[in-house]
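# Topology and contacts: notes
Chain by chain, the residues run as shown.
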Amino acid sequence: QVQLVESGGGLVQAGGSLRLSCAASGFTFRDYTMGWFRQAPGTERKFVAAIKWSSTQTNYADSTKGRFTISRDNAKNAIYLQMNSLEPEDTAVYYCARGGVYSGVYGGDASYDYWGQGTRVTVSS
């Protein structure tokens, strides 16, 4: 069965960095676009970044452009989110999600069908 397991969250001071990882299993990882979403307390889940199955295209939310970098390693069935210059507004639970086969890097969560359990990121001011 499809499994997505996030790791790497934690507590960091504003201006600091964290690197999230997502280990995928149960499907042909290299064929799927993958994404990161986040949900802050009391808010809806929001798109953070996505990477095409071929790694040839990425997409970022305006709030994360220039600070976050999404990447993938198809040999390890994993995606990553390097987060720099973190701000208190980045505090949220971060989720890894599976997109479509050979699909584009869409930002809507309707384009993703499986989700991990999330990893919490807390940025202190």
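Residues numbered from 1 in each chain as written. Predicted model: local features only at pLDDT ≥ 70, side-chain atom pairs only at ≥ 80, totals over all residues. Heavy atoms only, no water.

## Some remarks on the overall build of the chain
- Secondary structure assignment for the chain yields zero helices and 11 strands.
- Starting at the N terminus, the α and β elements of the chain follow one another as β-β-β-β-β-β-β-β-β-β-β.
- Its C-alpha atoms give the chain principal-axis dimensions of about 40 × 25 × 25 Å.
- Out of the 125 residues belonging to the chain, those deemed buried represent 46%.
- In the chain, the share of contacts with a sequence separation of at least 24, taken over all contacts with a separation of at least 6, comes to 60%.
- For the chain, the exposed surface amounts to about 6200 Å²; the carbon and sulfur share of it is 45%. (Helix = DSSP H or I, 4+ residues; strand = E, 2+ residues; numbered from the N terminus. Buried < 20%, exposed > 50% of the residue type's maximum accessible area, 1.4 Å probe, protein only. Contact = heavy atoms within 4.5 Å. Areas by Shrake-Rupley, 256 points an atom, 1.4 Å probe, with all protein chains shown as cover.)

## Structural notes on the sheet that holds strand β3 (residues 18-25)
- The four strands lie next to each other as β1-β3-β8-β7, forming an open sheet whose pairing is antiparallel. Two strands in the sheet have a free side with no partner beyond their single neighbour: β1 (3-7) and β7 (68-73). Mean inter-strand twist for the sheet, computed between neighbouring axes without regard to direction, equals 15°.
- Alignment of β1 against β3, held across five bridges, turns out to be antiparallel. The residue of β3 that forms the bridge with L4 is A24. (Pairing = 2+ DSSP bridges. Axes fitted to C-alpha atoms, helices over the stretch in contact; angles between N-to-C directions.)

## Things to note about the pairing of β7
- Burial along β7 is one-sided: F68, I70 and R72 are buried, and none of T69, S71 and D73, which face the opposite way, are.
- As judged from the six bridges shared by β7 and strand β8 (residues 78-83), these two strands associate in the antiparallel manner. Across the sheet, the residue bridging to D73 is A78, located in β8.
- Counted between consecutive antiparallel strands, the loop separating β7 from β8 contains four residues, among which N77 sits at a positive phi close to 55°.

## Digging into the environment of G66
- Position of G66 among the secondary structure elements: in the loop between β6 (58-60) and β7.
- For G66, a relative accessible area of 85% gives the class exposed.
- It is 11 Å that separates the C-alpha atoms of G66 and L86, two residues lying 20 residues apart in sequence.

## Observations concerning the side chain of D31
- Tracing the backbone through its elements, the reader meets D31 in the loop between β3 and β4 (32-39).
- At 4.2 Å, R30 is the nearest oppositely charged side chain to D31, a buried residue that forms no salt bridge.
- Apart from residues lying up to four places away in sequence, D31 is in contact with W53, G100, V101 and Y102. (Lys, Arg positive; Asp, Glu negative; His and termini not counted. Salt bridge = Lys/Arg side-chain N within 4 Å of Asp/Glu carboxyl O.)

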